[in-house]
Amino acid sequence: MTKKTTTYKQAGVDIDAGIKTVDMIRAHVESTASKNVLAGIGSFGGLFDLTDILKNYREPVLVQSIDGVGTKLMVAAMAGDHTSIGEDIVNHCCNDVLCQGARPLTFLDYVAMSRLEPEQVEQIVCGMAKACREADLSILGGETAELPGMYRENQCDVAGIVTGVVEKSELVTGQKIFEGDVLVGLASDGLHTNGYTLARKVLFEYAGLKLDDMPESLNETVGEAMLKPHKNYAPLVLEFLKKEEVRGMAHITGGGLIGNLSRIMPTNLQVCPCIKRECWPVPTIFNLIRQLGNVPPDDMERTFNMGIGFILVMPPSTAKTAVDFFTSNGQPAYEIGIINSI
(Lines give C-alpha, C1' and ligand atoms only; values in the text may rest on other atoms or scores of the structure.)
Protein backbone atom coordinates (compact mmCIF):
# COMPACT_ATOMS: atom_id res chain seq x y z
CA MET A 1 0.00 0.00 0.00
CA THR A 2 1.41 3.38 -1.07
CA LYS A 3 1.67 5.93 1.69
CA LYS A 4 0.02 9.28 1.11
CA THR A 5 2.54 12.07 0.55
CA THR A 6 2.34 15.31 2.50
CA THR A 7 4.02 18.49 1.27
CA TYR A 8 4.95 21.67 3.08
CA LYS A 9 2.29 23.52 1.08
CA GLN A 10 -0.36 21.00 2.16
CA ALA A 11 0.74 21.60 5.74
CA GLY A 12 0.05 25.31 5.26
CA VAL A 13 3.29 26.95 4.11
CA ASP A 14 3.60 28.03 0.47
CA ILE A 15 7.25 28.57 -0.49
CA ASP A 16 6.25 29.76 -3.96
CA ALA A 17 4.10 32.48 -2.40
CA GLY A 18 7.16 33.55 -0.41
CA ILE A 19 9.23 33.83 -3.57
CA LYS A 20 6.46 35.83 -5.26
CA THR A 21 6.29 38.14 -2.25
CA VAL A 22 10.00 38.92 -2.44
CA ASP A 23 9.68 39.71 -6.14
CA MET A 24 6.73 42.03 -5.47
CA ILE A 25 8.41 44.02 -2.69
CA ARG A 26 11.92 44.20 -4.16
CA ALA A 27 11.44 47.54 -5.93
CA HIS A 28 9.87 49.13 -2.84
CA VAL A 29 12.78 48.07 -0.62
CA GLU A 30 15.42 49.13 -3.14
CA SER A 31 13.82 52.57 -3.43
CA THR A 32 14.96 53.30 0.15
CA ALA A 33 18.61 52.31 -0.28
CA SER A 34 21.25 54.95 0.30
CA LYS A 35 24.86 54.74 -0.86
CA ASN A 36 25.68 53.16 2.52
CA VAL A 37 23.60 50.03 1.86
CA LEU A 38 25.95 47.31 0.63
CA ALA A 39 23.65 44.29 0.29
CA GLY A 40 20.34 44.03 -1.53
CA ILE A 41 17.16 42.21 -0.60
CA GLY A 42 17.63 38.47 -0.08
CA SER A 43 20.91 38.61 1.82
CA PHE A 44 21.14 36.75 5.11
CA GLY A 45 22.07 39.99 6.84
CA GLY A 46 21.71 43.66 5.96
CA LEU A 47 24.95 45.56 5.43
CA PHE A 48 25.29 49.26 6.20
CA ASP A 49 28.60 51.08 5.69
CA LEU A 50 29.49 53.21 8.74
CA THR A 51 32.31 55.16 7.06
CA ASP A 52 30.30 58.39 6.92
CA ILE A 53 29.24 57.98 10.54
CA LEU A 54 32.86 57.65 11.65
CA LYS A 55 33.77 60.74 9.63
CA ASN A 56 31.00 62.93 10.99
CA TYR A 57 30.71 61.75 14.61
CA ARG A 58 33.42 61.84 17.27
CA GLU A 59 31.64 59.46 19.66
CA PRO A 60 28.67 57.94 17.81
CA VAL A 61 26.05 56.20 19.93
CA LEU A 62 23.58 53.79 18.33
CA VAL A 63 19.97 54.02 19.53
CA GLN A 64 17.55 51.20 18.70
CA SER A 65 13.83 50.69 19.07
CA ILE A 66 11.44 47.84 18.28
CA ASP A 67 7.67 48.11 18.23
CA GLY A 68 4.44 46.98 16.62
CA VAL A 69 1.17 48.58 15.57
CA GLY A 70 -1.21 46.55 17.74
CA THR A 71 -4.83 45.99 16.84
CA LYS A 72 -4.86 48.81 14.30
CA LEU A 73 -4.06 45.88 12.00
CA MET A 74 -7.60 44.63 12.51
CA VAL A 75 -9.01 47.93 11.27
CA ALA A 76 -6.74 47.77 8.22
CA ALA A 77 -7.99 44.24 7.54
CA MET A 78 -11.58 45.48 7.72
CA ALA A 79 -10.71 48.19 5.19
CA GLY A 80 -8.81 45.79 2.95
CA ASP A 81 -5.83 48.15 2.78
CA HIS A 82 -2.65 47.77 4.84
CA THR A 83 -0.59 50.57 3.25
CA SER A 84 -0.95 52.94 6.20
CA ILE A 85 0.24 50.17 8.55
CA GLY A 86 3.64 50.21 6.87
CA GLU A 87 3.90 53.94 7.42
CA ASP A 88 2.78 53.52 11.04
CA ILE A 89 5.50 51.11 12.04
CA VAL A 90 8.34 53.11 10.50
CA ASN A 91 7.18 56.44 11.90
CA HIS A 92 6.46 55.04 15.36
CA CYS A 93 9.96 53.57 15.66
CA CYS A 94 11.60 56.75 14.31
CA ASN A 95 9.87 58.80 17.00
CA ASP A 96 11.11 56.42 19.70
CA VAL A 97 14.80 56.79 18.83
CA LEU A 98 14.24 60.51 18.30
CA CYS A 99 13.54 60.85 22.03
CA GLN A 100 17.27 60.44 22.68
CA GLY A 101 18.12 62.84 19.85
CA ALA A 102 19.02 60.10 17.36
CA ARG A 103 18.81 60.38 13.59
CA PRO A 104 17.22 57.21 12.12
CA LEU A 105 19.55 55.22 9.85
CA THR A 106 18.14 51.77 9.10
CA PHE A 107 14.91 49.83 9.35
CA LEU A 108 14.12 46.10 9.65
CA ASP A 109 10.64 44.64 9.48
CA TYR A 110 8.84 41.48 10.55
CA VAL A 111 5.52 40.48 8.98
CA ALA A 112 3.76 37.30 10.12
CA MET A 113 0.43 35.83 9.04
CA SER A 114 -1.52 32.60 8.95
CA ARG A 115 -1.39 32.32 5.16
CA LEU A 116 0.97 34.34 3.02
CA GLU A 117 -0.82 36.91 0.87
CA PRO A 118 1.80 38.53 -1.41
CA GLU A 119 -0.47 41.45 -2.32
CA GLN A 120 -1.10 42.24 1.35
CA VAL A 121 2.60 42.13 2.17
CA GLU A 122 3.29 44.42 -0.78
CA GLN A 123 0.80 46.96 0.59
CA ILE A 124 2.57 46.93 3.96
CA VAL A 125 6.07 47.20 2.48
CA CYS A 126 4.93 49.91 0.07
CA GLY A 127 3.87 51.98 3.08
CA MET A 128 7.14 51.23 4.85
CA ALA A 129 9.16 52.32 1.83
CA LYS A 130 7.20 55.57 1.51
CA ALA A 131 7.83 56.43 5.16
CA CYS A 132 11.50 55.44 4.90
CA ARG A 133 12.08 57.65 1.87
CA GLU A 134 10.44 60.59 3.64
CA ALA A 135 12.61 60.01 6.73
CA ASP A 136 15.80 59.29 4.77
CA LEU A 137 16.44 55.83 6.21
CA SER A 138 17.06 52.53 4.48
CA ILE A 139 15.25 49.20 4.71
CA LEU A 140 18.10 46.73 5.30
CA GLY A 141 16.00 43.59 5.36
CA GLY A 142 13.10 41.82 6.96
CA GLU A 143 11.29 38.59 7.61
CA THR A 144 7.98 37.41 6.22
CA ALA A 145 6.69 34.46 8.21
CA GLU A 146 3.83 32.16 7.24
CA LEU A 147 2.60 30.59 10.48
CA PRO A 148 -0.54 28.48 10.07
CA GLY A 149 -2.00 27.64 13.45
CA MET A 150 -0.35 30.62 15.14
CA TYR A 151 -2.73 33.19 13.66
CA ARG A 152 -6.37 33.05 12.71
CA GLU A 153 -7.30 33.19 9.03
CA ASN A 154 -6.70 36.66 7.54
CA GLN A 155 -4.82 37.84 10.62
CA CYS A 156 -1.28 39.21 10.55
CA ASP A 157 1.22 40.96 12.78
CA VAL A 158 3.76 43.63 11.93
CA ALA A 159 6.83 44.76 13.87
CA GLY A 160 9.73 47.02 13.04
CA ILE A 161 13.20 47.90 14.29
CA VAL A 162 14.90 51.25 13.73
CA THR A 163 18.56 51.95 14.44
CA GLY A 164 19.58 55.58 14.83
CA VAL A 165 22.76 57.44 15.70
CA VAL A 166 23.52 60.43 17.92
CA GLU A 167 26.70 62.14 19.10
CA LYS A 168 27.33 61.03 22.68
CA SER A 169 27.66 64.61 23.91
CA GLU A 170 24.30 65.45 22.29
CA LEU A 171 22.26 62.65 23.85
CA VAL A 172 18.93 63.86 25.21
CA THR A 173 18.14 61.95 28.39
CA GLY A 174 15.89 64.21 30.49
CA GLN A 175 18.42 64.40 33.30
CA LYS A 176 18.97 68.12 32.62
CA ILE A 177 15.30 69.00 33.03
CA PHE A 178 14.74 71.70 35.68
CA GLU A 179 11.77 73.11 37.55
CA GLY A 180 10.20 75.81 35.41
CA ASP A 181 11.07 74.21 32.08
CA VAL A 182 8.30 74.43 29.50
CA LEU A 183 6.50 71.60 27.71
CA VAL A 184 6.00 72.18 23.99
CA GLY A 185 3.55 69.72 22.47
CA LEU A 186 3.44 68.79 18.80
CA ALA A 187 -0.02 67.96 17.48
CA SER A 188 -0.90 64.42 16.47
CA ASP A 189 -3.01 63.39 13.50
CA GLY A 190 -5.37 61.39 15.68
CA LEU A 191 -5.08 57.95 17.25
CA HIS A 192 -1.67 57.14 15.71
CA THR A 193 -1.10 53.49 16.80
CA ASN A 194 -2.40 53.34 20.35
CA GLY A 195 -5.71 52.61 22.03
CA TYR A 196 -7.29 50.68 19.18
CA THR A 197 -8.65 47.94 21.41
CA LEU A 198 -10.73 50.53 23.27
CA ALA A 199 -11.55 52.48 20.09
CA ARG A 200 -12.79 49.35 18.30
CA LYS A 201 -14.82 48.28 21.33
CA VAL A 202 -16.61 51.62 21.50
CA LEU A 203 -17.01 52.51 17.83
CA PHE A 204 -17.76 49.11 16.34
CA GLU A 205 -19.22 47.02 19.16
CA TYR A 206 -21.04 49.55 21.35
CA ALA A 207 -21.99 52.18 18.77
CA GLY A 208 -22.35 49.78 15.83
CA LEU A 209 -20.51 52.10 13.43
CA LYS A 210 -19.01 50.92 10.14
CA LEU A 211 -15.83 52.14 8.46
CA ASP A 212 -17.81 54.05 5.83
CA ASP A 213 -20.03 55.81 8.37
CA MET A 214 -19.52 59.54 8.80
CA PRO A 215 -20.80 60.80 12.16
CA GLU A 216 -21.88 64.42 11.94
CA SER A 217 -19.20 65.65 14.35
CA LEU A 218 -16.35 63.83 12.61
CA ASN A 219 -16.40 65.37 9.10
CA GLU A 220 -14.72 62.25 7.72
CA THR A 221 -15.47 58.55 7.71
CA VAL A 222 -14.67 56.39 10.72
CA GLY A 223 -12.21 54.44 8.56
CA GLU A 224 -10.39 57.59 7.44
CA ALA A 225 -10.07 58.78 11.03
CA MET A 226 -8.82 55.42 12.34
CA LEU A 227 -6.33 54.69 9.55
CA LYS A 228 -4.50 58.01 9.43
CA PRO A 229 -0.78 57.17 9.56
CA HIS A 230 1.24 57.74 12.69
CA LYS A 231 3.08 61.04 12.24
CA ASN A 232 6.90 61.09 12.05
CA TYR A 233 8.29 64.05 13.99
CA ALA A 234 11.97 63.27 13.39
CA PRO A 235 12.75 65.45 10.34
CA LEU A 236 11.56 68.70 11.92
CA VAL A 237 12.68 67.94 15.48
CA LEU A 238 16.20 67.02 14.34
CA GLU A 239 16.36 70.32 12.46
CA PHE A 240 15.27 72.19 15.58
CA LEU A 241 17.87 70.41 17.73
CA LYS A 242 20.59 72.01 15.59
CA LYS A 243 19.34 75.44 16.64
CA GLU A 244 18.17 75.27 20.26
CA GLU A 245 18.60 73.36 23.50
CA VAL A 246 16.06 70.64 24.28
CA ARG A 247 16.38 68.92 27.65
CA GLY A 248 13.93 66.08 27.26
CA MET A 249 11.61 64.51 24.68
CA ALA A 250 8.74 62.06 24.94
CA HIS A 251 6.83 60.16 22.27
CA ILE A 252 3.21 60.04 23.40
CA THR A 253 2.08 56.45 22.88
CA GLY A 254 0.37 53.96 25.22
CA GLY A 255 0.20 55.51 28.67
CA GLY A 256 -0.75 58.96 27.39
CA LEU A 257 0.84 62.28 28.27
CA ILE A 258 1.57 61.63 31.94
CA GLY A 259 2.75 58.04 31.51
CA ASN A 260 5.25 58.87 28.78
CA LEU A 261 6.53 62.13 30.24
CA SER A 262 7.18 60.36 33.54
CA ARG A 263 9.66 58.08 31.76
CA ILE A 264 12.07 60.98 31.18
CA MET A 265 11.49 63.03 34.33
CA PRO A 266 14.08 63.33 37.13
CA THR A 267 12.77 61.86 40.39
CA ASN A 268 12.42 65.27 42.11
CA LEU A 269 10.12 66.69 39.41
CA GLN A 270 6.56 65.99 38.33
CA VAL A 271 4.37 66.58 35.30
CA CYS A 272 0.85 65.70 36.43
CA PRO A 273 -0.45 69.04 37.81
CA CYS A 274 1.42 71.18 35.29
CA ILE A 275 -0.20 70.15 32.00
CA LYS A 276 -2.71 72.74 30.77
CA ARG A 277 -5.25 70.65 28.89
CA GLU A 278 -7.07 73.66 27.50
CA CYS A 279 -4.00 74.79 25.51
CA TRP A 280 -4.52 72.59 22.46
CA PRO A 281 -7.49 71.39 20.37
CA VAL A 282 -8.47 67.76 20.97
CA PRO A 283 -9.23 65.97 17.66
CA THR A 284 -12.88 65.04 17.24
CA ILE A 285 -12.21 61.28 17.11
CA PHE A 286 -11.24 61.31 20.80
CA ASN A 287 -14.37 63.18 21.86
CA LEU A 288 -16.46 60.77 19.80
CA ILE A 289 -14.94 57.74 21.55
CA ARG A 290 -15.37 59.36 24.96
CA GLN A 291 -19.02 60.23 24.36
CA LEU A 292 -20.13 57.01 22.67
CA GLY A 293 -18.38 54.79 25.21
CA ASN A 294 -18.88 56.98 28.28
CA VAL A 295 -15.15 56.52 28.84
CA PRO A 296 -13.86 58.14 32.07
CA PRO A 297 -11.50 61.10 31.48
CA ASP A 298 -8.62 59.41 33.31
CA ASP A 299 -8.93 56.31 31.13
CA MET A 300 -8.98 58.43 27.96
CA GLU A 301 -5.77 60.18 28.99
CA ARG A 302 -3.99 56.94 29.91
CA THR A 303 -5.00 55.26 26.65
CA PHE A 304 -4.72 57.92 23.94
CA ASN A 305 -2.43 60.80 22.99
CA MET A 306 -5.43 63.18 23.07
CA GLY A 307 -4.03 65.28 20.23
CA ILE A 308 -0.39 65.62 21.32
CA GLY A 309 1.94 63.11 19.67
CA PHE A 310 5.34 64.35 20.83
CA ILE A 311 6.58 66.63 23.62
CA LEU A 312 9.78 68.63 23.95
CA VAL A 313 10.96 69.94 27.32
CA MET A 314 13.03 73.12 27.09
CA PRO A 315 14.08 76.30 28.90
CA PRO A 316 11.34 78.96 29.08
CA SER A 317 13.45 81.32 26.95
CA THR A 318 13.22 79.07 23.89
CA ALA A 319 9.61 77.84 24.13
CA LYS A 320 8.13 80.57 21.90
CA THR A 321 10.93 80.05 19.38
CA ALA A 322 10.02 76.37 19.25
CA VAL A 323 6.31 77.00 18.76
CA ASP A 324 7.05 79.51 15.98
CA PHE A 325 9.52 77.15 14.28
CA PHE A 326 7.25 74.14 14.17
CA THR A 327 4.10 76.09 13.31
CA SER A 328 5.83 77.91 10.44
CA ASN A 329 6.90 74.52 9.07
CA GLY A 330 3.35 73.16 9.03
CA GLN A 331 3.48 71.32 12.36
CA PRO A 332 1.02 72.77 14.91
CA ALA A 333 2.73 73.24 18.28
CA TYR A 334 1.59 74.54 21.66
CA GLU A 335 3.00 75.48 25.05
CA ILE A 336 1.13 72.95 27.17
CA GLY A 337 2.64 73.21 30.65
CA ILE A 338 5.49 73.86 33.05
CA ILE A 339 7.57 71.42 35.10
CA ASN A 340 7.00 71.56 38.88
CA SER A 341 8.96 70.14 41.80
CA ILE A 342 7.42 67.43 43.98
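All residue numbers here refer to positions counted from 1 along the written sequence of the relevant chain. Two thresholds apply to this predicted model, a pLDDT of at least 70 for residue-level local features and 80 or more for giving and counting side-chain atom pairs, whereas whole-chain, interface and lining totals are computed over all residues. Derived side-chain values reflect all non-hydrogen atoms in the structure, with water molecules and hydrogen atoms excluded from consideration.

**Concerning the overall build of the protein**
In terms of regular secondary structure, the protein is built from 13 helices and ten strands. Taken along its principal axes, the extent of the C-alpha atoms in the protein is 85 × 55 × 35 Å. For the protein, the proportion of contacts with a sequence separation of at least 24, taken over those separated by at least 6, is 83%. In the protein, which carries 30 positive and 42 negative side-chain charges, the distance between the mean positions of the two groups comes to 2 Å. A run of DSSP states H or I qualifies as a helix once it reaches four residues; a run of E qualifies as a strand once it reaches two. Both are numbered from the N-terminal end. Residue contacts are defined here by distance: any two heavy atoms, one from each residue, within 4.5 Å place the two residues in contact. The sign given to each residue is positive for Lys and Arg and negative for Asp and Glu; His and the chain ends receive no count. Lys charges are placed at NZ, Arg charges at CZ, Asp charges at CG and Glu charges at CD.

**A word on empty space enclosed by the protein**
Points on a 1 Å grid, built from protein atoms alone, make a cavity when a 1.4 Å probe fits but cannot get out and make a pocket when they are open with protein on both sides within 12 Å along at least 5 of 7 lines; residues with an atom within 4 Å of a point are the lining residues. Grid points are joined across faces, edges and corners, and a volume is the space filled by probe spheres set on the points. This structure, assessed with the given rule, holds one cavity of 30 Å³ or more. In this model, the largest cavity occupies a volume close to 60 Å³. As for the largest cavity, its lining consists of M113, S114, R115, E117, Q120, E153, N154, Q155 and C156. Of the residues contributing to the lining of the largest cavity, the split by class is two nonpolar, four polar and three charged. Polar here means any residue other than Ala, Val, Leu, Ile, Met, Phe, Trp, Tyr, Cys and Pro, which are nonpolar, and Asp, Glu, Lys and Arg, which are charged; Gly is therefore polar.

**Concerning the sheet that holds strand 6 (residues 248–251)**
For two strands to pair, DSSP has to find at least two bridges joining them. Taken in spatial order, the four strands of this open sheet run 6-8-5-9, and their pairing is antiparallel. Edge strands, defined here as strands with exactly one partner in the open sheet, are strand 6 and strand 9 (333–338). Averaged over neighbouring strand pairs, the angle between their axes works out to 25° when direction is ignored. With six bridges joining them, strand 5 (residues 182–187) and strand 8 (residues 308–314) adopt antiparallel strand pairing. Looking at strand 8, one finds that L183 is bridged to V313. Think of each axis as a best-fit line through the C-alpha atoms, taken over the contacting stretch in the case of a helix, with angles from 0 to 180 degrees between the N-to-C directions.

**Structural notes on the environment of A131**
Relative to the elements of secondary structure, A131 occurs in helix 6 (residues 118–135). Burial here depends on accessible area, computed with a 1.4 Å probe over protein chains only, as a share of the maximum for the residue type. Under 20% is buried, over 50% is exposed, and the range in between is partly exposed. Note on A131: relative accessible area 1%, which makes it buried. For the pair A131 and C94, spaced 37 residues apart in the sequence, the C-alpha separation amounts to 9.9 Å. Among residues more than four places away in sequence, those in contact with A131 are E87, V90, N91 and L137.

**Concerning the sheet that holds strand 2 (residues 103–113)**
Spatially, 1-4-2-3 is the arrangement adopted by the four strands of the open sheet, whose pairing is mixed. Looking at which strands have only one partner, the edges of the open sheet turn out to be strand 1 (60–68) and strand 3 (138–146). Taking the axes of each pair of neighbouring strands and ignoring which way they run, one obtains an average angle of 15° across the sheet. In this sheet, strand 4 (residues 156–167) lies alongside strand 2 in antiparallel orientation, the contact comprising ten bridges. Bridging across to strand 4, D109 finds its partner in G160. In the packing of helix 5 (residues 83–98) onto the sheet, the strands contacted are strand 1, strand 2 and strand 4, and the crossing angle to strand 1 comes to about 140°. Helix 6 rests against strand 2, strand 3 and strand 4 of the sheet, and its axis sits at about 170° to strand 2.

**With respect to the confidence of the model for the protein**
Confidence of the predictor at the level of single residues is given by pLDDT, which spans 0 to 100. The predicted model of the protein averages 92 in pLDDT, with 98% of residues at 70 or higher. Across the protein, element-level confidence peaks in helix 9 (residues 234–241) with a mean pLDDT of 98 and bottoms out in strand 7 (residues 269–270) with 74.

**Here we look at helix 2 (residues 15–30)**
An expected span of 1.5 Å times one less than the residue number is assigned to each helix. Compared with an ideal rise of 1.5 Å per residue, which puts 16 residues at 22 Å, helix 2 spans 22 Å between its outermost C-alpha atoms and is within 8% of the ideal. At M24, helix 2 shows its largest bend, some 35°. Turning to helix 2, its buried residues are A17, T21, I25, H28 and V29. Tucked into the core, helix 2 has its buried residues touching helix 6 and strand 3. If you check the start of helix 2, you find a side-chain oxygen 3.1 Å away from the backbone N of D16, and it comes from D14. Here the bend at each residue means the angle between axes fitted to two seven-residue stretches, the one ending at that residue and the one beginning there. We call two N or O atoms a polar contact when they sit within 3.5 Å, provided that within protein one can donate a hydrogen and the other can accept it, with sequence-adjacent residues counted only if both atoms are side-chain atoms.

**Let's talk about the side chain of T303**
Mapped onto the fold, T303 is located in helix 12 (residues 297–303). The buried category is assigned to T303, whose relative accessible area is 17%. A distance of 2.6 Å separates the side chain of T303 from the backbone oxygen of D299, its partner in a polar contact. Look past the residues within four positions of T303 in its chain and what remains in contact with it is N194, G195 and L198.

**Some details on the nonpolar core**
Grouped together as the largest cluster of nonpolar side chains are 54 residues, with contacts concentrated most on M128, L203 and I289. With eight residues, helix 6 is the single largest residue contributor to this core. Among residues more than four places away in sequence, those in contact with M128 are G86, E87, I89, V90, F107, D109, V111, I139 and V158. Take the buried residues of types Ala, Val, Leu, Ile, Met, Phe, Trp, Tyr and Cys, join any two whose side-chain atoms come within 4.5 Å, and each joined set is a nonpolar core. If you look at the next biggest cluster of nonpolar residues, it comprises 22 residues, including Y233, A234, M249 and F325.

**A word on the pattern of salt bridges**
Just to be clear on terms, a salt bridge is a Lys or Arg side-chain nitrogen sitting within 4 Å of an Asp or Glu carboxyl oxygen. Inspection of the entire model under this criterion finds 18 salt bridges. Between R115 and E117 there is a salt bridge, with its nearest N and O atoms 2.8 Å apart. For the salt bridge of E220 with K228, the shortest nitrogen-to-oxygen distance reads 3.3 Å. Residue class for E220 comes out buried when judged on its relative accessible area of 18%. Salt bridges sharing common partners tie together E87, K130 and E134.

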